[in-house]
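If you want the building blocks of each chain, they are given just below.
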Amino acid sequence: MKEIILSTEDIQTICKEIALKLKDRFKDNETAPVFIGVLNGATPFFMDLLKYYDGVCKIDFMQASSYSGTNSTGVIHLSKDISEDIKNKDVVLIEDVVDTGLTINYLKQYIQIKYQPKSISVACLVDKKALRRVDFDVDYYGYILRDNKFLIGYGLDYKGLARNYNYIFVPDVEEIEYWDKMSK
């Protein structure tokens, strides 16, 4: 492991802070907001954020990706759509990392056009502004990463591996080589 970016404690603090902001935002709503987790990476963040969200809400999931290994392909693949009726409802897309902005921008536009919610906001654990390819601002974020570092853990993976760590780190070359062997 080269460098820890967010410890378990850091992550839990971020989840609590964002949950409080969301609770405050929706406290006067007449309808429950719908929280949509972007699978697979956002699952730990989504679940911990909900654990601290002290309000009513509905949940759903989408699955989309633009990554192959450590690089973004720039092509968005939507493999699971939502099942909740979100027309005229407040929606919060919950993502692990926003980097190029391509996937989350695509999902936000897709949801707006297809489902016509009242509002759509985005919450992410890590905002990697250094890699932005589209003009996109995250509404709620936990940590801004200004450098281009490849992150692993807490839902972030390499070839589907290492999502299970409860912290986020930058892997070293030996770890990547090991995961390459393990992914075969």
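So, a few notes on the structure that sits alongside this text. (Residues numbered from 1 in each chain as written. Predicted model: local features only at pLDDT ≥ 70, side-chain atom pairs only at ≥ 80, totals over all residues. Heavy atoms only, no water.)

1. Focus on the overall build of the chain
Put simply, the rule is: Put simply, DSSP H or I for four residues or longer makes a helix, DSSP E for two residues or longer makes a strand, and each gets a number counted from the N terminus. C-alpha atoms define the radius of gyration, and 2.2 Å times the number of residues to the power 0.38 defines the globule rule. Burial classes follow relative accessibility: with a 1.4 Å probe on protein chains only, a residue under 20% of its type's maximum area counts as buried, one over 50% as exposed, and anything between as partly exposed. Residue contacts follow a heavy-atom distance rule, with two residues in contact if any of their heavy atoms lie within 4.5 Å. Residue exposure ignores everything except the shown protein chains as possible cover, and the areas themselves are Shrake-Rupley values with a 1.4 Å probe. Under this rule, positive means Lys or Arg and negative means Asp or Glu; His and the chain ends count for nothing. To locate a charge, the coordinates of NZ of Lys, CZ of Arg, CG of Asp or CD of Glu are taken.
In terms of helices and strands, the chain carries 4 helices and 8 strands. The helix and strand sequence of the chain, counted from the amino end, reads β-α-β-α-β-β-β-α-β-β-β-α. At 16 Å, the chain has a C-alpha radius of gyration in line with the 16 Å of a compact globule built from 184 residues. Projected onto its principal axes, the C-alpha coordinates of the chain cover approximately 50 × 35 × 30 Å. Relative to its 184 residues, the chain shows a buried fraction of 48%. Considering only contacts within the chain whose residues lie at least 6 apart along the sequence, 62% involve residues at least 24 apart. Counting only carbon and sulfur atoms, one obtains 48% of the accessible surface of the chain, whose full area is about 9,400 Å². Averaging the coordinates of the 24 positive side-chain charges in the chain and doing the same for the 28 negative ones gives two points 3 Å apart.

2. Observations concerning the environment of Met62
Turning to its location among the elements, Met62 is positioned in strand 3 (residues 58–68). Using a relative accessible area of 0% as the deciding quantity, one classes Met62 as buried. C-alpha separation for the pair Met62 and Asp24, spaced 38 residues apart in sequence, amounts to 25 Å. Excluding anything up to four places from it in sequence, Met62 contacts Ile36, Gly37, Val38, Leu39, Leu78, Lys80, Asp81, Ile82, Leu93, Leu107, Tyr110 and Ile111.

3. Focus: the pairing of strand 6 (residues 119–127)
Successive residues of a regular strand alternate their side chains across the two faces of the sheet. Our working rule: When DSSP finds two or more bridges between a pair of strands, those strands are recorded as paired. Place the viewer so that the strands point away; then a crossover is right-handed whenever the path from the first strand over the helix to the second strand goes clockwise.
Across the 9 residues of strand 6, 9 count as buried, placing the element largely inside the fold. As defined by bridge partners, strand 5 (residues 90–98) adjoins strand 6 across 8 bridges and the pair is classed as parallel. Paired with Asp90 across the strands is Ser119, a residue of strand 6. Running through helix 3 (residues 102–115), the crossover from strand 5 to the neighbouring parallel element strand 6 is right-handed. Relative to strand 7 (residues 140–144), strand 6 runs parallel, the two being bridged by 4 bridges. Considered in strand 7, the bridge of Val126 is made with Tyr143.

4. Some words on the nonpolar core
Rules: Working definition of a nonpolar core: buried Ala, Val, Leu, Ile, Met, Phe, Trp, Tyr and Cys residues. They are joined through side-chain atoms within 4.5 Å.
Residues Leu22, Phe35, Leu125 and Ile168 are the most contacted members of the largest nonpolar core, which totals 28 residues. Sorting the residues of this core by element identifies strand 1 (3–6), helix 1 (8–26), helix 2 (43–52), strand 5, strand 6 and strand 8 (168–170) as the ones contributing at least two each. Sorting elements by how many residues they give to this core places helix 1 first, with 7 residues. Discounting chain neighbours no more than four positions away, the residues touching Phe35 are Leu22, Phe26, Phe46, Leu50, Tyr53, Cys57, Lys58, Ile59, Asp60, Val92 and Ile94.

5. With respect to unusual backbone geometry
Among all residues except glycine, the phi angle is most often negative; among peptide bonds, the trans geometry is most common. A cis geometry characterises the amide bond from Leu39 onward to Asn40, with omega recorded as -5 degrees. Looking at the secondary structure, you find Asn40 in the loop between strand 2 (34–39) and helix 2. The phi dihedral of Asn88 is positive, around 60 degrees, even though this residue is not glycine. You can see Asn88 is positioned in the loop between strand 4 (71–80) and strand 5. For Tyr154, which is not glycine, the phi torsion reads 50 degrees and is therefore positive. Summarising the element assignment, Tyr154 is placed in the loop between strand 7 and strand 8. Of the residues examined, Tyr154 reaches a relative accessible area of 5% and is grouped as buried.

6. With respect to the packing of aromatic side chains
Here is the rule we go by: Under the pairing criterion, centres of Phe, Tyr and Trp rings, with the six-membered ring standing for Trp, must be within 6.5 Å; the plane angle then separates stacked pairs below 30 degrees from edge-to-face pairs above 60, leaving the rest tilted.
What the rule picks out here adds up to 11 aromatic pairs. Aromatic side chains Phe26 and Phe35 sit 6.4 Å apart centroid to centroid with 50 degrees between the ring planes, which places their arrangement in the tilted category. By the burial criterion, Phe26 is buried, and Phe35 matches it. Ring geometry for Tyr165 against Tyr167: centres 5.8 Å apart, planes inclined by 55 degrees, an arrangement best described as tilted.

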